[in-house]
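Summary of structural features
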Amino acid sequence: MASSLTKESPIPGTTGSPRSFFGHPRGLATLFMTEMWERFSYYGMRALLPLYLIAPNGLHLSVPAATAIGSVYVSLVYLLALPGGWFGDRVWGPRRTVAVAGSVIMLGHLTLALPTAGTFYAGLALVAIGSGLLKANISTMVGHLYDGPDDPRRDGGFTVFYMGINLGAFAAPLVIGTIGEKVNWHIGFALAALGMALGLAQFLLGSRHLDARSSVVPTPLSAAEKSTALRRAALWAGIAAVFYTAVGLSGHYTLNWVMVPLITLGLVVPVIVLVRIKRDKDLSGPEQSSMSAYIWFFVAAAVFWMIYDQGSTTLSIFADKNAENTVLGWEFPVSWYQSVNPVLIMALAPVFAWFWLALNRRGSEPSTIVKFSSGLVLIGVSFFLFLAPLTIAGGGHKAAAMWIVAIYFVQTVGELTLSPVGLSVTTKMAPAKYASRMMGVWFLAVTAGDATTGLLSVAGVNLDRTGVVALEAVLAVLAGAAVWGYRGRVKSLMGSVN
């Protein structure tokens, strides 16, 4: 990494060494490495999670229970990005919040490494809390490195930053997955803690290169607000403690006493947030109209993520039990499938960027609505494709590994068609009053999608059954068709946004 640094004059708006990172502010290297190691720890643990939950030498849970836990965990990570952003804006500032987040994530992985069920669930909770705190603030600090939204290096800086995400996500299953599956589950979780420790050390040592704005609390709480927030937090914590103590002493406690409230939060909070924004009387007429259009995209995105995120739960568990996980006779760990998506993202993202640009120059680039509906159809097609290995397994045979890879390939193409468009349309359609909060609203679509998967699993639905997979595939295709069929109505609501 050091070979990419070159001497140059100081960059306005940054602090520390007058060196650059691929032509960008030196602070980008700090955030790149921090995010890469954090994603290494996150995706490494996530690759092991469902396999450990069902393994005889793990927690040995049922498939629906394992899917529910995995889905609720991911749902919480994205749900907690909202309070994570609040802490960065009002309590600690982005830099301190990320430092605290890294410490909490590392502690969570170390707790996962302890070989007991109780510490395992505590570790999951800590990793989810830390990830929510970090996710909401590290991207903000990337933005701080540049001279406003018109800085020509800004988009390129975020592209470099997101490469760090995919590098970490690619390497994690190959390292952590191999050790966890082939040596010891808890050593694998400990490696995730080591990854986060490296990321935290990199952040603390390189924080001098970050912009001074990253240490500022933009809208600090007043003394009265802080007192109110603490009282409310203590009240809800007390209610939860009394309730769960009573349930435990009654002898009726099961994991669902925790799962169902978390799933409910994942479904209810997105609705509440959207309704509150939509009913805000401060919004202008065009902003109200844009929010009506945005709800279409939000609901469709929730359907997309509901299926997409099963790549790390339903599909992974199926591959563990029913796939021939070999290449040229060599058997590889099941967790390695989780490296397929990030490597495809790194390979295909530049192709997509070139393709859209080429179409734009010819005046034939598809609209946001067309791209979005195409992404939904593709995620549906991926589950129609899933029916083939399901049928093979139903006949008593092992499905070839390439079936699983093909499913991830189609899902990745769908992701590249829908996800960047969703991020873009969120920024374009955000009311001025909610400009900085709308990205958190977009993440709530992931929360809603994964909470739906969790709800089905808690209800005892096996999501790797042919009928269920076919139903989800049809739902996604119908959602894509609905967005396409009502494109005129949605376009009119969007106003000048293309």
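Whatever comes next refers back to the structure up there.
The following refers to the structure shown. (Residues numbered from 1 in each chain as written. Predicted model: local features only at pLDDT ≥ 70, side-chain atom pairs only at ≥ 80, totals over all residues. Heavy atoms only, no water.)

Here's the deal with the packing of helix H10 (residues 285-308) against helix H15 (residues 438-458)
Relative to each other, H10 and H15 sit at 40 degrees, their axes nearing to 7 Å. Comparing the axis directions of H10 and H15 gives the class oblique. You can see that H10 and H15 cross each other, and the crossing is right-handed. Two secondary-structure elements touch here, H10 through Met291, Tyr294, Phe298, Ala301, Ala302, Trp305 and Met306 and H15 through Met438, Val441, Trp442, Leu444, Ala445, Val446, Ala448, Gly449, Thr452 and Thr453. Its residues assigned to classes, the contact of H10 with H15 shows 14 nonpolar, three polar and no charged. (Axes fitted to C-alpha atoms, helices over the stretch in contact; angles between N-to-C directions. Helix = DSSP H or I, 4+ residues; strand = E, 2+ residues; numbered from the N terminus. Parallel < 35°, antiparallel > 145°, perpendicular 65-115°, else oblique. Left-handed = near helix turned anticlockwise from the far one by under 90°. Contact = heavy atoms within 4.5 Å. Nonpolar A, V, L, I, M, F, W, Y, C, P; charged D, E, K, R; others polar.)

Some details on the packing of aromatic side chains
Under the definition given, this model contains 29 aromatic pairs. Pairing Phe304 with Trp305 gives two aromatic rings, centres 5.0 Å apart and planes at 90 degrees, and the pair type is edge-to-face. Relative accessible area serves as the criterion here: at 7%, Trp305 is assigned to the buried category. On the basis of an interplanar angle of 20 degrees and a centroid distance of 6.4 Å, the ring pair of Phe332 and Trp336 is categorised as stacked. Note on Phe332: relative accessible area 8%, which makes it buried. A relative accessible area of 25% places Trp336 in the partly exposed class. Linked through ring pairs, Tyr52, Phe120, Tyr121, Trp185 and Phe189 together constitute an aromatic cluster. Over the ring of Phe443 we find Lys135; its NZ or CZ atom is 5.0 Å from the centre of that ring. (Phe/Tyr/Trp six-rings, centres within 6.5 Å; stacked < 30°, edge-to-face > 60°. Buried < 20%, exposed > 50% of the residue type's maximum accessible area, 1.4 Å probe, protein only. Lys NZ or Arg CZ within 6 Å of the ring centre and 35° of its normal.)

Quick look at the pattern of salt bridges
Applying the stated criterion across every chain, the model contains six salt bridges. In this structure, Glu38 and Arg39 form a salt bridge, with 2.7 Å as the shortest nitrogen-oxygen distance. Exposure remark for Arg39: the relative accessible area of 4% places this residue in the buried category. Where Arg465 meets Asp464, a salt bridge forms, and the shortest distance between an N and an O atom there is 2.9 Å. (Salt bridge = Lys/Arg side-chain N within 4 Å of Asp/Glu carboxyl O.)

Description of the side chain of Glu415
As for its position among the elements, Glu415 is in helix H14 (residues 401-429). At 9.4 Å, Arg46 is the nearest oppositely charged side chain to Glu415, a buried residue that forms no salt bridge. (Lys, Arg positive; Asp, Glu negative; His and termini not counted.)

As far as function goes, none of this settles anything; it's purely spatial.
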